[in-house]
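# What the coordinates show
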Amino acid sequence: MTESELMNQRSAPSDEPILSVEGLTTHYETDDVDSVVQAAENVSFTVSRGQTIGLVGESGCGKSTVGLSLLRALPPQGSIVDGSVYFDGQDLTTFKKKEIKKIQWNRISMIYQGAQNAFNPVKTIDTQIREALAKHDVVPKNQRRERIEELLQKVDLDPGVADRYPHELSGGMKQRAAIAMAISCEPDLLIADEPTTALDVVVQAKVLRMLLDLQEEFNFGMVVISHNLAAIMKVSDDIGVMYAGNMVERSSAENIFEDPQHPYTAKLFGSIIDPQRPPKQVENIPGVPPDLRNPPDGCRFADRCDLATEECSAQMPAFEPKNESTEHLAACFHSEEVSR
Amino acid sequence: MSETETLLEIKDLEKHFSQSTGWVGSLLGKDKAVRAVDGVSLSLDRGEIVSIVGESGCGKTTLGKSLLRLIEPTAGSIEFHGTDITELPDDEMRDLRKEMQIVFQDPFQSLNPKKTVRQLVRQPLEIHGMSRTEAEARVVDALEDVGLSPVSDFLDRYPEEMSGGQLQRVSFARSLVLEPSFVVADEPTSMLDTSIRARVLDLMEELRNERDLSFLVITHDLSVARYLSDRVGVMYLGRLVEIGDADEMIMDPKHPYSKALIESIPSPTPYEEFDPADIEGEVPDPIDVPSGCRFHPRCPVATEECKRIEPEWRMVPTEGDASRYVECHEVDPKHVPADPQPQ
Ligand SMILES: Nc1ncnc2c1ncn2[C@@H]1O[C@H](COP(=O)(O)OP(=O)(O)OP(=O)(O)O)[C@@H](O)[C@H]1O
Ligand SMILES: Nc1ncnc2c1ncn2[C@@H]1O[C@H](COP(=O)(O)OP(=O)(O)OP(=O)(O)O)[C@@H](O)[C@H]1O
Ligand SMILES: [Mg+2]
Ligand SMILES: [Mg+2]
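The name that an unreviewed UniProt entry assigns to chain B is ABC transporter ATP-binding protein, with the source organism given as Halorubrum glutamatedens. Heading Sequence similarities (unreviewed entry) of the UniProt record for chain B holds this comment: "Belongs to the ABC transporter superfamily."

For chain A, the name recorded in an unreviewed UniProt entry is ABC transporter ATP-binding protein, with Halorubrum glutamatedens as its organism. Note on chain A: under the UniProt heading Subcellular location (unreviewed entry), the record states "Cell membrane".

What follows is about helix 6 (residues 132–145) of chain B. All names here are of chain B. Given a rise of 1.5 Å per residue, 14 residues ought to cover 20 Å, and the 20 Å separating the end C-alpha atoms of helix 6 matches this to within 8%. When we look at burial in helix 6, the residues that qualify are Ala135, Val139, Ala142 and Leu143. In a view along the axis of helix 6, the buried residues occupy a sector of 95°, so they form one face of it. Structurally, helix 6 contributes buried residues whose contacts are with helix 5 (117–127) and helix 7 (164–176).

Right, let's talk about the site of ligand 2 for a bit. If you check the shell around ligand 2, you find 22 residues, and the closest are A:Glu168, A:Ser170, A:Gly172, B:Thr61 and B:Thr62. Surrounding ligand 2 is a set of residues that belongs to chains A and B. At 3.2 Å from an oxygen atom of ligand 2 is found a main-chain nitrogen or oxygen belonging to B:Cys58. In isolation ligand 2 exposes 640 Å². Once the protein is present, 93% of that is buried. Of all the elements in the fold, those that place two or more residues in the shell around ligand 2 are helix 6 (171–183) of chain A together with strand 2 (32–45) and helix 2 (60–67) of chain B. Split into classes, the residues belonging to the shell around ligand 2 amount to eight nonpolar, 11 polar and three charged.

Two aromatic rings, taken as a pair, are described by how far apart their centres are and by the angle between their planes. By the definition in use, this model includes nine aromatic pairs over all chains. A centroid spacing of 6.0 Å and a plane angle of 80° characterise the contact between A:Phe257 and B:Tyr271, whose relative ring orientation is edge-to-face. Of this pair, A:Phe257 sits in helix 9 (residues 253–258) while B:Tyr271 is found in the loop between helix 11 (256–263) and helix 12 (304–308), placing the two residues in two different chains. Judged by its relative accessible area of 12%, A:Phe257 is buried.

Our focus in this paragraph is the site of ligand 1. Lining the immediate surroundings of ligand 1 are 23 residues, of which A:Gly60, A:Thr65, B:Arg157, B:Ser163 and B:Gln166 lie closest. Around ligand 1 the close residues trace back to chains A and B. Here an oxygen atom of ligand 1 and a side-chain polar atom of A:Gln113 are 3.0 Å apart. One of the backbone nitrogen or oxygen atoms of B:Gly165 is found 2.7 Å away from an oxygen atom of ligand 1. Coverage of ligand 1 by the protein amounts to 95% of the 640 Å² it exposes when considered alone. Elements with a contribution of two residues or more to the shell around ligand 1: strand 2 (36–47) and helix 2 (63–70) of chain A together with helix 7 of chain B. Considering only residue class, the shell around ligand 1 consists of seven nonpolar, 12 polar and four charged.

Attention shifts here to the sheet that holds strand 8 (residues 214–218) of chain B. Residues and elements named next belong to chain B. As summarised here, the arrangement of the eight strands in space is 6-7-8-3-9-10-12-11, forming an open sheet in which the pairing is mixed. The open sheet terminates on both sides in strands that have one partner only, identified here as strand 6 (100–103) and strand 11 (313–316). Direction aside, neighbouring strands of the sheet carry axes that sit 20° apart on average. Pairing of strand 3 (residues 49–54) with strand 9 (residues 231–236) involves five bridges; the strand directions are parallel. Among the inter-strand pairings, Val50 is bridged to a residue of strand 9, identified as Arg231.

To continue, consider the coordination of the magnesium ion (ligand 4). All names here are of chain B. Distances from the magnesium ion (ligand 4) to its protein donors, Thr61 (OG1) and Gln105 (OE1), fall within 1.9 to 2.3 Å. Taken together, the residues Thr61 in helix 2 and Gln105 in the loop between strand 6 and helix 4 (107–110) connect sequence positions 44 residues apart. By relative accessible area, Thr61 is classed as partly exposed at 23%.

So, on to empty space enclosed by the protein. For the coordinates displayed, the defined rule picks out 10 cavities of 30 Å³ or more. Volume-wise, the largest cavity comes out at about 520 Å³. What lines the largest cavity is a set of 29 residues, among which A:Asn228, A:Leu229, B:Arg197, B:Asp221 and B:Ser223 lie closest to the centre. Only helix 7 (201–218) and helix 8 (229–235) of chain A together with helix 8 (194–211) and helix 9 (222–228) of chain B provide two or more residues apiece to the lining of the largest cavity. Among the residues forming the lining of the largest cavity, the class breakdown is 13 nonpolar, 12 polar and four charged.

All names here are of chain B. A surface patch of like charges, here negative, comprises Asp141, Glu144, Asp145, Glu206 and Glu210. Within the residue set of the negative patch, elements represented by two or more residues are helix 6 and helix 8. In terms of residue count, the dominant contributor to the negative patch is helix 6 (three residues). With respect to the element layout, Glu210 can be found in helix 8.

We now examine the nonpolar core. Counting 97 residues, the largest nonpolar core has A:Leu19, A:Phe45, A:Ile129, A:Leu152 and A:Val223 as the members making the most contacts within it. Top contributing element to this core by residue count: helix 6 of chain A, with eight residues. By size, the runner-up hydrophobic cluster in this structure holds 43 residues, among which are A:Ile273, B:Ala142, B:Phe154 and B:Leu228.

Next up on the list: the pattern of salt bridges. All names here are of chain B. A complete count under the given rule lists 40 salt bridges over all chains for this structure. Among the salt bridges present, the one from Arg132 reaches Glu126, with a minimum N-O distance of 3.0 Å. Exposure remark for Arg132: the relative accessible area of 53% places this residue in the exposed category. Residue class for Glu126 comes out partly exposed when judged on its relative accessible area of 32%. The network of salt bridges with shared partners includes Arg118, Arg122, Glu126, Arg132, Glu136 and Asp156.

What counts and how
- Residues numbered from 1 in each chain as written.
- Chains lettered and ligands numbered in written order.
- Predicted model: local features only at pLDDT ≥ 70, side-chain atom pairs only at ≥ 80, totals over all residues.
- Heavy atoms only, no water.
- UniProt positions renumbered as here; feature names shortened; annotations may be inferred.
- Helix = DSSP H or I, 4+ residues; strand = E, 2+ residues; numbered from the N terminus.
- Expected span 1.5 Å × (residues − 1).
- Buried < 20%, exposed > 50% of the residue type's maximum accessible area, 1.4 Å probe, protein only.
- Arc of directions from axis to C-beta.
- Contact = heavy atoms within 4.5 Å.
- Near = heavy atom within 4 Å.
- Polar contact = N/O pair within 3.5 Å; in protein donor to acceptor, adjacent residues only side chain to side chain.
- Areas by Shrake-Rupley, 256 points an atom, 1.4 Å probe, with all protein chains shown as cover.
- Nonpolar A, V, L, I, M, F, W, Y, C, P; charged D, E, K, R; others polar.
- Phe/Tyr/Trp six-rings, centres within 6.5 Å; stacked < 30°, edge-to-face > 60°.
- Pairing = 2+ DSSP bridges.
- Axes fitted to C-alpha atoms, helices over the stretch in contact; angles between N-to-C directions.
- Donors = N, O, S within 2.8 Å, 3.2 Å for Na, K, Ca; no water.
- 1 Å grid on protein atoms, 1.4 Å probe; cavity = no way out; pocket = protein on both sides within 12 Å on 5 of 7 lines; lining within 4 Å.
- Points joined across faces, edges and corners; volume = space filled by probe spheres on them.
- Patch = residues over 30% accessible without salt bridge, like charges linked within 9 Å, V, L, I, M, F, W, Y side chains within 5 Å.
- Salt bridge = Lys/Arg side-chain N within 4 Å of Asp/Glu carboxyl O.
- Lys, Arg positive; Asp, Glu negative; His and termini not counted.
- Charge placed at Lys NZ, Arg CZ, Asp CG, Glu CD.
- Core = buried A, V, L, I, M, F, W, Y, C linked by side-chain atoms within 4.5 Å.

Right under this line is the structure:
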C-alpha cells in the first residue's frame with residue numbers, strides 16, 4: 001500500500017489488527033543532557049477492528065505518552081526511540097509528522113487528556129468541527145451544519161452549542177464537543193485519553209454507550225485511557241495495566257478484574273471505592289514510583305511490593321503468558337501469590 | 001467535635017452570563033441571559049466537607065468561582081465569617097483570598113506554562129509577603145503531601161513536562177500552601193488513579209481534622225462524594241435541588257433527578273452494561289429555563305402543578321436521622337395539595 005492509499009482508502013476488513021504496537025519506547029529529553037525520562041519502555045499491544053483496549057495505571061506511568069506516540073503528537077522533547085506502531089499494516093514511526101497530520105480525523109483521531117486544549121479559544125465549535133469535515137470532505141458543504149448538529153446531539157449537547165465559543169462551555173460540555181469532533185470523520189482508530197472526567201454518570205453512560213454503538217456500526221478500533229475503572233472495564237475488551245513506563249499486565253477485562261497476575265494490578269483494583277459499600281478506610285499503595293530518569297534495573301514495582309524478593313530487584317521479569325494462556329500476560333516472578 | 005460554627009453562608013446566589021446574539025442583536029437589546037447559577041442558598045460549617053454533584057453544565061464550576069468572586073455574582077449574598085463579601089473592595093477581597101482558595105477543574109489550563117512547579121506553588125506565598133526561605137519549606141511540604149515525591153524531581157519542571165494527574169496535584173498543593181480555612185475543590189481527583197486518589201482524600205480528611213479546614217468539593221465521582229463528605233448537595237440547571245447527609249443521600253435519594261443520578265452509578269465490575277436512568281426529553285438549556293419546576297419536562301413523576309408552580313425548598317422526612325432538604329412538589333405526599341391520586 002502506498003502512502004496515498006493509506007491516507008484515503010479504508011482497507012477491506014480483515015483479521016489483521018488495525019493497530020499493532022511492538023516494543024514502543026518513548027523518551028523525553030530534559031535540561032540535563034545526560035538524562036532522559038524513560039516514560040514508555042517496550043510497550044506492546046494490538047487492537048482489532050471493532051475492539052477496545054483500555055489502558056490504566058498510576059498517575060505519571062506513561063499512558064498519555066503511549067497515546068501521543070501513536071499519533072506522533074509528542075511535544076518537542078519527546079521522541080520514539082525504539083519499536084513500531086503498525087496502523088493498518090504500515091509502520092507510522094517511519095512517517096513524517098506532517099504525513100500523519102493528513103490522516104488525522106478521518107483515519108486516526110484522538111481525544112486529548114484535558115480536551116479543553118483541543119479547541120482554539122477564538123473560534124466557535126461549529127467552525128472547528130467544520131474544519132475537520134472540510135479537510136477530508138466527508139460531507140458535502142451544504143450538509144455540514146446538519147452533520148455538526150447531529151454530532152452534538154449524539155453527545156447529549158444542545159445543537160445550539162455549535163455557535164458558542166469554548167470559554168462559554170462547562171468542562172464537560174467542552175469534553176463532549178471534543179468527542180463529537182473526534183468521531184466527525186468516522187475514523188478507523190479512536191484514541192481517547194480520559195474522555196469522560198468531566199461528565200456526570202448519566203451523561204457518561206449515554207456517551208460511552210453511543211461510542212460502543214458507533215463502534216459496532218463502523219467497526220473502528222479504540223484505545224481508551226482512564227482512571228475510571230468502572231467505566232473502562234465496561235468499554236474495554238482487553239485491559240493493559242501500566243506501571244512506571246512498563247506494561248505489566250494485559251488480558252481481558254474479566255481476567256484482570258477476577259484474576260490479576262501482577263501485584264500492582266491487584267492493588268489498583270483493590271483501591272476502588274464502591275459507593276454502595278464504601279470502606280472505612282481506602283487502601284493506598286505506600287511509597288512512590290521510581291524516578292523515570294533513573295529507573296531500577298529490576299522490576300520497577302519491587303520497592304513497593306509486598307511479594308518482592310531479591311530476584312525482583314536483580315532483574316526485570318519477562319512479560320509472559322500466565323495461567324498457560326497467551327491471552328493473559330504479566331511481568332512478575334510471583335504471579336501465583338497474587339490475590340485480590 | 002466541638003460546637004459547630006458557620007463559616008460560609010450563601011443566600012440566593014445568582015450568576016447570569018449574557019449570551020451575545022451578535023452586534024445587531026446587542027444593539028436591539030436582544031442578548032439573552034444564561035442563568036448558570038439561579039438562586040442557590042447553602043451554608044457550610046467550619047471543618048465541614050460538602051460535595052456538590054450534578055449534571056455536566058448545571059452550574060457547579062460557576063457556583064465555585066462566584067463564591068470566591070473570581071467571577072462577580074449577579075445577585076445574592078455570601079457571608080464569610082459573618083461578613084458579606086459581595087461588596088468588599090478589591091484590596092480587602094485580595095487579602096481575604098488567603099483564607100479562600102480554589103483548585104480549578106482543568107489543571108492544563110489553570111497553571112501558567114512559563115513557570116516551574118516551584119514558582120507556581122510559591123507564588124501565592126510571595127503575594128502574601130512570606131520570605132523566600134520560609135516559603136520554600138512550605139512548598140516542599142505541600143508537594144510531599146500530595147505524593148509528588150521525591151520533591152526534588154518535580155520542583156524545576158514546567159507544566160508541559162508533567163502528566164495530567166501530576167498537574168492536578170500541583171494545583172491542589174498550590175491551594176493549600178497558604179493554609180486557607182476554606183477551599184473550593186473542583187474535581188480535585190478526576191485525573192488520579194485509585195491509590196493516589198485515596199491518598200489525596202486522606203489528606204483532605206486530615207486537614208479537616210487538624211486544621212478545621214472546610215471544603216466544597218465539586219465532583220462527578222459519587223464514591224468520592226460519599227466517602228469523603230459530611231453532606232452531599234445535588235444541583236440541576238442552576239439550582240440546588242436536594243441536600244442531606246452523604247450516606248443517606250446515596251442510599252435514599254428523594255428528588256427524582258437525584259434518584260436518576262444515583263441509579264446510574266456504574267457498578268465497579270466488567271460485567272453489567274452501562275445502564276443510565278432514562279432521563280427523557282430535551283437537554284436543559286440555562287437560557288430557556290422551563291416554567292414551574294425546572295426538571296418537569298424530564299421528570300417521570302411530574303404533575304400539572306409541577307409545570308406551573310415553582311416548588312419550595314423545604315425539609316422532608318427521611319428514614320435516617322439527618323435533616324434533608326428538597327425542592328420538589330412530589331417528594332413528601334403530605335405536602336401534595338391538589339387532588340391526590342388514589343394509590
Ligand atoms: N515533556 C516532558 N518532559 C519530561 N518528562 C515528561 C514530559 N511529559 C511527561 N513527562 C513525564 O513522563 C511520565 C509519563 O507521563 P504521562 O503523561 O504519559 O503519564 P500518564 O500515565 O498519562 O499520567 P496521568 O494519569 O497522570 O495523566 C511522567 O512521569 C511525566 O512526569
Ligand atoms: N463565560 C460564560 N459565558 C456564557 N455561558 C457560560 C460561561 N461560563 C459558563 N457558562 C454556561 O453556564 C452553564 C454552567 O456552566 P458550569 O461550567 O458552571 O457547569 P458545571 O456544572 O461546572 O459543568 P461540568 O460538570 O461539565 O464542568 C453552562 O450552560 C455553560 O455553558
Ligand atoms: Mg495522562
Ligand atoms: Mg465544571
